Amino acid sequence: ARARRDAASSVAMEDLQKNIVKIQDDLDLKVFRPLQKRAFDASSKCCDGDKSRESFQACLERAGQATSQAEHAVMQTLGQFQQRVQRCVVQCQDKAQSIVEAKGVEKAQAQMESCANDCGKFYVKELSSIGAKLMKEHKP
């Protein structure tokens, strides 16, 4: 008997998840760490001189601003992407649910797996352009 697979764990969805992790790792190494290094360097310069406490705090905030803005933008973009993937899978579930009564659970399961696989394939392609765009927009 064929082993049952959860639609969310289809091969294409697994590839999609691996690609998301790879993009996050690439962004961490190539964007966020250099930004963080700059922020640390700028923060250390805030300690120079005899600034008031308020000036010192403002300096620290400015030093970390670029990193915070880039992190926020990337998280927002990836969050929106993941919401689109989830909506695709929910549509697959809706389609499969409508098949259950007419054709049975096995047909519905096969439809669900096929549909989720299609979602994964589509979004793997889209993810590569999103990753390239994020790297370009936030490269220090």
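Our subject is the structure listed above.
Residues numbered from 1 in each chain as written. Predicted model: local features only at pLDDT ≥ 70, side-chain atom pairs only at ≥ 80, totals over all residues. Heavy atoms only, no water.

(A) Region of the structure containing the packing of helix H2 (residues 53-103) against helix H3 (residues 105-138). Where H2 contacts H3, the axes come no closer than 9 Å and their chain directions differ by 165 degrees. Between H2 and H3, the angle is such that the two are roughly antiparallel. Two packed elements cross with a definite hand, and for H2 against H3 that hand is right-handed. Residue composition of the contact of H2 with H3, by class: 22 nonpolar, four polar and five charged. (Axes fitted to C-alpha atoms, helices over the stretch in contact; angles between N-to-C directions. Helix = DSSP H or I, 4+ residues; strand = E, 2+ residues; numbered from the N terminus. Parallel < 35°, antiparallel > 145°, perpendicular 65-115°, else oblique. Left-handed = near helix turned anticlockwise from the far one by under 90°. Nonpolar A, V, L, I, M, F, W, Y, C, P; charged D, E, K, R; others polar.)

(B) Representation of the packing of aromatic side chains within the structure. Counting across every chain of the model gives two aromatic pairs. Ring centres 5.6 Å apart and planes at 80 degrees place the aromatic pair Phe81 and Tyr123 in the edge-to-face group. Taken together, the positions of Phe81 in helix H2 and Tyr123 in helix H3 put the pair 42 residues apart, joining distant regions of the chain. Pairing Phe122 with Tyr123 gives two aromatic rings, centres 4.8 Å apart and planes at 90 degrees, and the pair type is edge-to-face. (Phe/Tyr/Trp six-rings, centres within 6.5 Å; stacked < 30°, edge-to-face > 60°.)

(C) Quick peek at the state of the cysteines. What the rule picks out here adds up to three disulfides. One disulfide in the model links Cys88 with Cys119; its S-S distance is 1.9 Å. Classification of the bridge connecting Cys88 and Cys119 rests on its S-S torsion, roughly -85 degrees, and on that basis the disulfide is left-handed. Here Cys88 is found in helix H2, whereas its partner Cys119 is found in helix H3, with 31 residues between them in sequence. (Disulfide = S-S within 2.5 Å.)

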